[in-house]
Amino acid sequence: MFINALGYYIPSQRVPNSYFLELNGLTSEWIEQRTGILTRSKVSENEDAHTMGIDAVKNAIPNLPYDIKDIDLIVAASYSPIDTVATLAHVAQREFQMEKAKAVYASSACSSLVNGLEIIEGYFAMNKASKALLICSENNTYYSNQSDPKAGHLWGDAAVAFFVSKEKIKESEAEIIDIYTRGLGNIGKGPHAVTLRPKEDGITMPDGRDVFMHACKYMIDALENITRNNNLTINDLSYIICHQANKRIVANVAHQLKLSDEVFLNNISELGNTGSASTGLVLAQNFNKFVKNDLVGLCVFGGGYSSGGFLVKF
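Presented here is a report on the structure given in the accompanying data block. (Residues numbered from 1 in each chain as written. Predicted model: local features only at pLDDT ≥ 70, side-chain atom pairs only at ≥ 80, totals over all residues. Heavy atoms only, no water.)

### A closer look at the pairing of strand S5 (residues 102–106)
Inclusion rule: Only strands joined by at least two bridges in the DSSP assignment are considered to pair. Every helix listed is a DSSP run of H or I at least four residues long, and every strand listed is a run of E at least two residues long, numbered separately from the N terminus.
Two strands pair when backbone bridges link them, and strand S4 (residues 73–77) and S5 are joined in this way by 5 bridges, in the parallel orientation. Residue Ala 77 lies in a different strand from S5, and its bridge partner there is Ala 106.

### Section: the pairing of S4
Counted only if it meets this: To sort residues, take the accessible area from a 1.4 Å probe on protein chains only and compare it with the maximum for the residue type: under 20% means buried, over 50% means exposed, and anything in between is partly exposed. With its strands directed away from the observer, a crossover is right-handed exactly when the path from the first strand over the helix to the second travels clockwise.
S4 sits mainly inside the fold: 5 of its 5 residues count as buried. Here S4 shows a buried face lined by Leu 73, Val 75 and Ala 77 and a second buried face lined by Ile 74 and Ala 76. For the crossover that starts at S4, traverses helix H4 (residues 88–95) and ends in the parallel S5, the hand is right-handed.

### Some points on the nonpolar core
Applied cut-off: As used here, the term nonpolar core means buried Ala, Val, Leu, Ile, Met, Phe, Trp, Tyr and Cys residues forming a set that is joined through side-chain atoms within 4.5 Å. What makes two residues a contact is simply this: any of their non-hydrogen atoms within 4.5 Å.
By size, the foremost hydrophobic cluster in this structure holds 41 residues, and its most contacted members are Leu 223, Ile 240, Cys 242, Val 253, Leu 257, Phe 264 and Phe 301. Broken down by secondary-structure element, the contributors of at least two residues to this core are helix H6 (208–228), strand S11 (239–242), helix H7 (247–257) and strand S12 (295–302). With 9 residues, the single largest contributor to this core is H6. If near-sequence neighbours (up to four positions away) are discounted, Val 253 is found in contact with Cys 216, Met 219, Ile 220, Cys 242 and Phe 264. Counting 37 residues, the second-largest nonpolar core is a separate cluster that includes Met 1, Ile 179, Tyr 239 and Leu 298.

### Thoughts on H7
In plain terms, the rule: It is the directions from the helix axis to the C-beta atoms whose arc is reported. Pairs of N or O atoms are called polar contacts if they sit within 3.5 Å, as long as, within protein, a hydrogen donor faces a hydrogen acceptor (for residues adjacent in sequence, only side-chain-to-side-chain pairs).
Within the sequence span of H7, burial applies to Ile 249, Val 250, Val 253, Ala 254 and Leu 257. For H7, the angular spread of the buried residues around the axis is 140 degrees, confining them to a single face. At the N-terminal boundary of H7, the capping side chain belongs to Asn 246, with an oxygen 2.7 Å from the backbone nitrogen of Arg 248. After H7 finishes, the residue Lys 258 shows a positive phi value of roughly 55 degrees.

### Describing the side chain of Asn 267
Mapped onto the fold, Asn 267 is located in the loop between H7 and helix H8 (268–271). When its relative accessible area of 8% is taken as the criterion, Asn 267 is described as buried.

### Digging into the packing of helix H3 (residues 49–60) against H4
To be explicit about the condition: The convention used is that axes are lines fitted to C-alpha atoms, helices contributing only their stretch in contact, and that angles between N-to-C directions extend from 0 to 180 degrees. Under this scheme an angle from 65 to 115 degrees is roughly perpendicular, one under 35 degrees roughly parallel, and one over 145 degrees roughly antiparallel; angles in between are oblique. Crossings are assigned a handedness: left-handed for a near helix turned anticlockwise from the far helix by less than a right angle, right-handed for a clockwise turn. Basically, the charged four are Asp, Glu, Lys and Arg, the nonpolar ten are Ala, Val, Leu, Ile, Met, Phe, Trp, Tyr, Cys and Pro, and anything else, Gly included, counts as polar.
With their axes 10 Å apart at the nearest point, H3 and H4 run at an angle of 50 degrees to one another. Considering their axes alone, H3 and H4 lie oblique with respect to each other. As H3 packs across H4, the resulting crossing turns out to be right-handed. Only Leu 88, Val 91, Ala 92 and Glu 95 of H4 make contact with H3, whose side of the interface consists of Ala 49, His 50, Gly 53, Ile 54 and Lys 58. A breakdown of the residues in the contact of H3 with H4 according to their chemical character gives 5 nonpolar, 2 polar and 2 charged.

### A word on unusual backbone geometry
In this model, Gly 304 is joined to Tyr 305 through a cis peptide bond whose omega is -10 degrees. Locating Tyr 305 in the fold gives a position in the loop between S12 and strand S13 (306–313). One non-glycine residue, Gln 97, lies in the positive phi region at around 50 degrees. Examined against the element boundaries, Gln 97 turns out to sit in the loop between H4 and S5. On the basis of relative accessible area, Gln 97 is assigned to the partly exposed category, the value being 46%. Even without being glycine, Asn 293 reaches a positive phi, approximately 75 degrees. Of note, Asn 293 is situated in the loop between helix H9 (278–285) and S12. You can call Asn 293 partly exposed: its relative accessible area is 49%.

### Some words on the environment of Leu 23
By secondary structure assignment, the location of Leu 23 is in helix H1 (residues 20–24). For the pair Leu 23 and Pro 149, spaced 126 residues apart in sequence, the C-alpha to C-alpha distance is 8.5 Å.

### As for the environment of Leu 73
Tracing the backbone shows Leu 73 in strand S4. With a relative accessible area of 0%, Leu 73 lands in the buried category. The contact partners of Leu 73, leaving out residues within four places of it in the chain, are Ala 101, Lys 102, Ile 120, Tyr 123, Ala 129, Lys 131, Ala 132 and Leu 133.

### Observations regarding the pattern of salt bridges
This is how it is decided: Salt bridge criterion: a side-chain nitrogen from Lys or Arg within 4 Å of a carboxyl oxygen from Asp or Glu.
What the rule picks out here adds up to 5 salt bridges. Residue Asp 70 pairs with Lys 100 through a salt bridge whose shortest N-O separation is 3.8 Å. Taken together, the positions of Asp 70 in the loop between H3 and S4 and Lys 100 in the loop between H4 and S5 put the pair 30 residues apart, joining distant regions of the chain. Among the residues examined, Lys 100 registers a relative accessible area of 54% and is labelled exposed.

What follows is the structure in structure tokens.
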């Protein structure tokens, strides 16, 4: 699988830590110390998961080496959609008149982007598609309860778009050489650790300690799988991008792997937890940084639980 073009969209609005003092009594220092977050991105009144996703696609189109109408599969991946019937995949199909395309929606908490890539990999393997668009848009603030002292201060909004093909289109394209996912609903607090019940209490995280412990373990597990499967070690990776849930989780992963902080690319300090879009977003933001033969390992952990990763070679 080859990355033909990447695009992203980040709302311009930023919510500082100080905003939460009156809402839930948390000081800016307390939030920064425990999460590494200083500000978080938030949509404006005229933005939502659909508009962000469409804008991410538009950001990628100038670098797309073929007509967008050649796309034959669209996958929308997210856990915070504005509409679960008229999905972002269908909205994008209409917006860009991709009449040849199948359109599907995938959700696996913060692993959704990686699961979306794996779905595309499956369609490619069955010869049911050859050019695909993955759009991952997370509008966390649509659902978050900002007064919740456990999780209300974590969430940011953003979207990322991947154009990928089964065969290489141009010489300079990065290749996704492995994808790994794993359902983990049977471990720890599992389905009870992070929930999103729109008619009840929005996004909640009643047991952050359990999430932290398993996120560290299973993101390392994902990195070990995608490197071992390709006769590599984690030390062979040029860069690592972890799910941007908490900067302390990234620091813990770095400590366990005995790797320098410089190996890890992050955006959580400015944008907060942008959910399943976060790893793809960091990849897109740093895309021009990577050089030939760089290996980038991306790893995720989602509520439910779930985990996964993918390996990109430049």
